[in-house]
Amino acid sequence: MWDKSIAELRTGLRAGEFSAAELCAECLDRIGAAQPRLNAFVTLDAERALAAARAADEALEHGEDSDLTGLPVVHKDNFCTAGLKTTCGSRMLADFVPPYDSTATANIAAAGAITLGKTNMDEFAMGSSTEHSHFGTVRNPWDLDRVPGGSSGGSAAAVAAGLIPFATGSDTGGSIRQPAAFCGVTGIKPSYGRVSRYGLVAFASSLDQAGAIGRSAEDCAWLLKAMSGHDPRDSTSVEREVEDYPALLDLDVGGLKIGLPREYWHGIDEDVAAATMRAVDELIRLGAQVSEVSMPNAPLAVSTYYLIAPAECSSNLSRFDGVRYGHRCEAPRNLADLYSRSRAEGFGAEVKRRILVGTYALSAGYYEAYYGKAMRARHLIADDFRRAFESVDVLISPTAPTVAFGVGEKEGDPIAMYSADVNTVAVNLAGVPAISVPGESASGLPVGVQMIGRYFDEARLLALAHQLQRATDWHTRRPEEIAGEAGR
Amino acid sequence: MSNIDPQTVAHTARLARLAVGEDELDAYVSHFRALLDFVADLTEAPLEGVEPMAHPLDLQQPLRADEVSEPDARDAFQPLAPEAADGYYLVPKVIE
Amino acid sequence: MDHWQPVIGLELHVQLKTRSKIFSAAATAYGAEVNRQACALDLGMPGTLPVLNGEAVEMAIKLGHAIGGKIAPECVFARKNYFYPDLPKGYQISQFEQPIVAGGTVEIDGDDGAPRKIGIVRAHLEEDAGKSVHDLFRGRSGIDLNRAGTPLIEIVTEPELHTAREAVALMRELYTLVMYLDICDGNLAEGSFRCDANVSVRPRESTKLGTRAEIKNINSFRFVERAIDYEIHRQIHRLESGEQIVQETRLYDADKNETRSMRGKEEAEDYRYFPDPDLLPLRIDPAASERIRAGIPELPAGKRRRYRDELALSAEDVHQLVAHPRLAEFFEAVVAAAPGVEPKRCANWVVVELMGALHKRDLDIDSSPVSASMMAGLLARIADGTISGKLAKSVFEGMLSGEGDADQVIAARGLRQISDSDAIRDVIRGILADSEEQIAQYRNGEAKVLNYFVGQVMRATRGQANPGQVRKILTEELDNE
Ligand SMILES: [Mg+2]
Ligand SMILES: [Zn+2]
């Protein structure tokens, strides 16, 4: 069952070929078997999941099913899940069990999906390798010595290894798309405001957006449809109807104008660039028209991002003070000691670096030079997209400059890690949607092709990706079986 | 951008309420310098006259009706606290 | 002493009387059990997000119009970052560069008695913090977040006040204003209206401001006056003995009547304000703003002018009546229900008799046992001569103790005034027949004796004779003999 698409699983469940309980048990088995090698999970919720699966079977039997009834799903560990530990990959929240749900995961549950557990991630979503988790490094199922990308590395690795059909992720500067690229799966970051941020533990509020990771654009379409929608509890969520993404996958993409942004090809590995161009050639065969466009301010994007994101994070993470929840140091001498030691112990190295840089960028005398400047550059970067979308419908680029790098390879050089976000961060600064789909590389390791759309043009992005995937088999390739011995 | 010294980092750490040991200061100084070098393309870009953009979407703040709908949930939240008594969250005594 | 000029600016924190908090749907009611009105957002739980209360915005717009300020077509919420246990998110959502109200003025009576316009710099929306208790737990402070997130409007005045009395006058005027606007419950003891005062002194001829001290969180008019007075004297003392003023935050200790330094901060706070990315710019539709403006009732300044110019009330009565909107409303209802009675007389009865009686019984105008229409009824009986002013006081007593309206009390107590001149003349003649000595004195030019006779007549009629008539007939009888 585990390698079936969402469409096949939906049909199979309804035809009685297998039960939700069987599907759930199989996924839990595979997760358990792969965990020692991948470390993709922080928490499993087996008992409740199996009970929910049995209830789903009842519902299916009585024809009381919804879109995702009986389908297993896992969530990145920065979505609050009521009664289920939510750690954000941090010692700070190692024992945190929220009494409330994020809107996104509640929406998914309301569509009938069953939560099996929570996936590992870079601490507070800060990182591009999932090496910065209090719960250990996640491994790439294609090569256990390589990183899965990050920060949604646990979700991407779990989908790639066939442990779960789809998973949620969050993307602040590429955290869905880059791990999707490194793990050979499909990941979509929708427009800012499409999915509620309520209950998604904030990293950088003006950039964070939840999204979906799956084995195909079609599978992502189902999950994105379920999680999206206006939420009165998130002021930045948009009052706009959610399109029926799965129903729109066959939208006509012939004649679509595709732009290749000139600035997105600097420092890209040849193999990755070639894979991206192969995808472009396929799209031409499907009737798309391709032209080169310029995004003149794109080179400022990484710098802009690495000032805005830390600035917002420095403030967003102030609430972790050891008073109402979370880690508290032993025997604080006084209030100042309580704060500074609880926070120093609770946060890992990368989070602390970003809090400090962000605090500095906002501090008296430096605000204009750093944060202020970054806000101005952000305007130019967003305008580049607006201008480009006057002449093209979709922009295409490599998702990441390389294939997955080695575990530990960029340790001790955070700036090198930041530089690798060069093609993903501008999308978050502008708030536009983007999807990463697997391409075909010469190395055999996964590469990602990024497609960027206009605001709220998710349906078109998914349709384009879906039709590319219908014409090729790149997204169907699987790593060697990690959960093999689970095939009892 | 090398006006970053250990005192700058120590001051910033105090603002952020992060205990940073003397032995950690140098590593942070290096990181600050590297990062500020890294973003120099931006800090040196001529951006006068460009409006700052705080939000990706040009939307306005929605308003909520003035209604009370949050129930008392103290019993759900307070068990999460490292230290609480008689309904209060406790911290080391604050002397004013 | 005269060499120095104090310069005072105020920051007033006014709790808005919304039902729910400014960014969450938890209740704002005062006095709930500890932490039972603090929802996930108020506790700063991870992932929670603020959504703005429209009622708080409307109240801020009202205030802005009332002080003649400019309502920003677009304003922005900013985070003020600092760590304190009663501030659960580690930042306060406030407004910084783009407040909802800019500019405006408030008029007060200056120390010289002449009216003075004091400039308002700005008014902005923000959230209140929680409360810490320091005396309940050994070695621990307890944190109660019920108040966290209560909407506040912070009003910042120009540093244009020069005495503690002017400062209090301004605070009172703004207090009266927010009561008229019905945007604050006005409960000073519960902290609904709090004042921070920035105080400095400078040589009178100087135009440069001196170093200021900020006195935090004073929540009574009396204490504001005392605290500022103390602080002015402290500063002058220091300067005259050649010492410097330190820029610092000071706390007023009402028991000792002194201000003292709050925390010896080695470095100034750096709040790192930046636009709150969880909230979007607030746009205010000019039409909506205009609708709110049109709904504002007559405000204290206008009311005072009208009472003085059109109703010819005394300065003291104007002052008293306008101080509270419910009192002014009561007074106006009396005037409306007693068409033949001079407003001045109505004012006198409301201010002296009613207010005095309520004060004695520790009641406020809303719980007055005498309604405006009852009061008007009483005044009408005086006007038509049914009772004298003196009898009226006893009728009023009866009304206060629940004996009914004026007519019921008059009937029950038999207090109808005797205006029948023949009856009065009979009584007078009887008295004069026994008063040869006094008549002689009167004829010798001792006019005072007339009062003695009036008193005798009133006693004989148990106060029910019409005193005007008594005087008139007495004079006739005495002069005719
Ligand atoms: Mg109150
Ligand atoms: Zn304030």
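Caption draft 1: Structural context of the overall build of chain B. Helices and strands together make up the secondary structure of chain B, namely four helices and three strands. Computed over its C-alpha atoms, the radius of gyration of chain B comes to 22 Å, more than 25% above the 12 Å expected for a compact globule of 96 residues. Looking at chain B residue by residue over its 96 residues, the buried ones come to 43%. Taken as a whole, chain B presents about 5,000 Å² of accessible surface, with 50% of it coming from carbon and sulfur. Computed over 6 positive and 19 negative side-chain charges, the inter-centroid distance for chain B is 10 Å.

Caption draft 2: Focus on the packing of aromatic side chains. All names here are of chain A. Considering all chains together, one arrives at 28 aromatic pairs over all chains under this definition. Considering the side-chain rings of Phe-320 and Tyr-325, the 5.9 Å spacing of their centres and the 85° angle between planes classify their relative orientation as edge-to-face. On the numbers, 6.3 Å between centres and 85° between planes, the contact of Phe-320 with Phe-347 is edge-to-face. Taken as a pair, Phe-320 in the loop between helix H9 (301–316) and helix H10 (335–346) and Phe-347 in the loop between H10 and helix H11 (349–362) lie far apart in primary sequence, 27 residues in all. Its relative accessible area of 3% is what places Phe-347 among the buried residues.

Caption draft 3: Quick look at the coordination of the magnesium ion (ligand 1). All names here are of chain C. Listed as protein donors to the magnesium ion (ligand 1) are Gln-15 (OE1) and Ser-192 (OG); their distances from the metal cover 2.3 to 2.7 Å. Note that Gln-15 is positioned in strand E1 (residues 4–15) and Ser-192 in the loop between helix H2 (164–181) and strand E13 (193–203), a separation of 177 residues in sequence. Across the pair, exposure class does not vary: Gln-15 and Ser-192 are buried alike.

Caption draft 4: View of the pattern of salt bridges. Residues and elements named next belong to chain C. Evaluation of the coordinates by the stated rule reveals 70 salt bridges over all chains. Of the charged contacts, one joins Arg-326 and Glu-329 as a salt bridge, the two residues approaching to 2.5 Å between their closest N and O atoms. Of this pair, Arg-326 and Glu-329 both sit in helix H7 (residues 325–337), separated by three residues, roughly a single helical turn. Classification of Glu-329 as partly exposed rests on a relative accessible area of 47%. We note a salt bridge from Arg-381 to Asp-407, for which the minimum N-O separation is 2.5 Å. With Arg-381 in helix H9 (residues 372–383) and Asp-407 in helix H11 (residues 406–413), this residue pair connects regions lying 26 residues apart in the sequence. For Arg-381, a relative accessible area of 22% translates into the label partly exposed. Of the residues examined, Asp-407 reaches a relative accessible area of 38% and is grouped as partly exposed.

Caption draft 5: Up close: the side chain of A:Thr168. Residue and element names in this part refer to chain A. One can find Thr-168 in strand E4 (residues 166–171). For Thr-168, a relative accessible area of 0% translates into the label buried. A polar atom in the side chain of Thr-168 sits 3.0 Å from the side chain of His-75. Within the structure, Thr-168 has its side chain in polar contact with the backbone nitrogen of Lys-76 (distance 3.2 Å). What Thr-168 contacts, discounting residues up to four positions off in sequence, is Val-74, His-75, Lys-76, Phe-79, Ile-108, Ser-155, Gly-211, Leu-223 and Met-227.

Caption draft 6: Broad picture of helix H2 (residues 20–38) of chain A. Residues and elements named next belong to chain A. The terminal C-alpha atoms of H2 lie 25 Å apart, and with 19 residues this matches the ideal 27 Å at 1.5 Å per residue to within 8%. Of all bends in H2, the biggest is about 25°, found at Gly-32, and the proline Pro-36 comes one to four residues later. Here H2 has its buried residues at Ala-20, Ala-21, Leu-23, Cys-24, Glu-26, Cys-27, Leu-28, Arg-30, Ile-31, Ala-33, Ala-34 and Leu-38. Directly beyond the C-terminal end of H2, a positive phi value near 60° is found at Asn-39.

Caption draft 7: Broad picture of the sheet that holds strand E5 (residues 78–81) of chain C. The strand order across the open sheet formed by three strands is E6-E5-E17 (chain C), and the pairing between neighbours is antiparallel. The sheet is open, and its two edges are formed by strand E6 (91–94) and strand E17 (274–275) of chain C, each paired on a single side. Packing against the sheet, H9(A) makes contact with E5, E6 and E17 of chain C, and its axis sits at approximately 60° to E5(C).

Caption draft 8: Structural view of the environment of C:Val409. Residue and element names in this part refer to chain C. As for its placement among the helices and strands, Val-409 is situated in helix H11. Each C-alpha atom, one on Val-409 and one on Ser-20, is 47 Å from the other, the two residues being 389 residues apart in sequence. In this structure Val-409 touches Ser-394, Val-395, Gly-398, Met-399, Glu-403, Gly-404 and Gly-414, once residues within four positions along its chain are discounted.

Caption draft 9: Spotlight on the interface of chain A and chain C. Between chain A and chain C, the contact holds 36 residues from the first and 28 residues from the second. Between chain A and chain C, a total of about 2,700 Å² is buried, with carbon and sulfur atoms accounting for 59% of that surface. Among the residues of chain A in contact with chain C, A:Ser235, A:Arg319 and A:Arg324 are the three that bury the most area, contributing 22% of the side total. The interface formed by chain A and chain C holds one salt bridge in total. Between C:Asp278 and A:Arg197 there is a salt bridge; the shortest N-O distance is 3.2 Å. For the interface between chain A and chain C, the tally reads 16 residue pairs in polar contact (both at pLDDT 80 or more). The set of elements that each furnish at least two residues to the side of chain A that touches chain C consists of H9, H10, H11 and helix H12 (368–391) of chain A. A per-element tally of the side of chain A that touches chain C places H9(A) first, with four residues.

Caption draft 10: Layout of the coordination of the zinc ion (ligand 2). All names here are of chain C. Surrounding the zinc ion (ligand 2) are the protein donor atoms His-13 (NE2), Glu-126 (OE) and Glu-154 (OE), at 2.0 to 2.1 Å. All donors of the zinc ion (ligand 2) belong to a single chain; written as a sequence motif, their spacing is H-x112-E-x27-E. On the criterion of sequence distance, the pair formed by His-13 in strand E1 and Glu-126 in strand E9 (residues 115–127) is long-range, its members being 113 residues apart. Assigned by exposure class, His-13 and Glu-126 land together as buried.

Caption draft 11: Main features of the interface of chain B and chain A. At the junction of the two partners, chain B supplies 48 residues and chain A supplies 62 residues. Each partner contributes to the roughly 4,800 Å² buried at the junction of chain B and chain A, and carbon and sulfur atoms together form 74% of this total. Broken down residue by residue, the surface that chain B buries against chain A is led by B:Leu18, B:Phe38 and B:Met53, which jointly contribute 14%. Put simply, chain B and chain A have one salt bridge between them. In this structure, A:Arg328 and B:Glu83 form a salt bridge, with 2.9 Å as the shortest nitrogen-oxygen distance. Viewed at the interface, chain A and chain B are joined by 16 residue pairs in polar contact (both at pLDDT 80 or more). Classifying every residue of the side of chain B that touches chain A gives 36 nonpolar, seven polar and five charged.

Caption draft 12: Representation of the pairing of strand E16 (residues 258–261) of chain C. Residues and elements named next belong to chain C. Across four bridges, the pairing between strand E15 (residues 248–253) and E16 is antiparallel. In the strand pairing of E16, Tyr-252 is matched with Thr-259. In sequence, E15 turns back onto E16 through a hairpin of four residues, with Asn-257 there showing a positive phi of about 45°.

Scoring rules and cut-offs
The residue numbers shown here count from 1 along each chain, following its written sequence. All chains are assigned letters beginning at A, and all ligands numbers beginning at 1, according to the order in which they are written. Local features are withheld for residues below a pLDDT of 70 in this predicted model, meaning they are given only at 70 or higher, and side-chain atom pairs are given and counted only at 80 or more; totals for whole chains, interfaces and linings count all residues. Computation of side-chain values covers all heavy atoms of the structure but excludes hydrogens and water. By the criteria applied, helices consist of DSSP H or I runs no shorter than four residues and strands consist of E runs no shorter than two, each listed in order from the N terminus. Radius of gyration: C-alpha atoms only; globule rule: 2.2 Å multiplied by the number of residues to the exponent 0.38. The buried label applies to any residue whose accessible area, calculated with a 1.4 Å probe on protein chains only, is under 20% of its type's maximum; exposed applies above 50%, and partly exposed to all values in between. Per-residue and other accessible areas follow the Shrake-Rupley method at a 1.4 Å probe size, with only the shown protein chains counted as cover for residues. Charge assignment in this entry is limited to Lys and Arg as positive and Asp and Glu as negative, and neither His nor the chain termini are counted. Lysine's charge is taken at NZ, arginine's at CZ, aspartate's at CG and glutamate's at CD. Two aromatic rings, drawn from Phe, Tyr or Trp (for Trp, its six-membered ring), form a pair once their centres lie within 6.5 Å of each other, and the interplanar angle then sorts them: stacked below 30 degrees, edge-to-face above 60, tilted otherwise. Metal coordination here is assigned from N, O and S atoms located within 2.8 Å of the ion, or within 3.2 Å for Na, K and Ca; omission of water means that sites may look incomplete. By definition here, a salt bridge exists when the distance from a side-chain nitrogen of Lys or Arg to a carboxyl oxygen of Asp or Glu is within 4 Å. Think of a polar contact as two N or O atoms within 3.5 Å of one another; within protein, one of them needs to be a possible hydrogen donor and the other a possible acceptor, and neighboring residues in sequence only count if both atoms come from side chains. Contact between two residues is taken to exist if any of their heavy atoms lie within 4.5 Å; hydrogens are not considered. For a helix, the expected span equals 1.5 Å multiplied by the residue count minus one. The angle separating two fitted axes, one through the seven residues that finish at a residue and one through the seven that start at it, defines the bend at that residue. Strand pairing is defined by DSSP finding a minimum of two bridges between the two strands. Think of each axis as a best-fit line through the C-alpha atoms, taken over the contacting stretch in the case of a helix, with angles from 0 to 180 degrees between the N-to-C directions. Values labelled buried area give the accessible surface lost by two parts on being combined, using a 1.4 Å probe and summing over both. Each residue receives one of three labels: charged for Asp, Glu, Lys and Arg, nonpolar for Ala, Val, Leu, Ile, Met, Phe, Trp, Tyr, Cys and Pro, and polar for the others, Gly being one of them.

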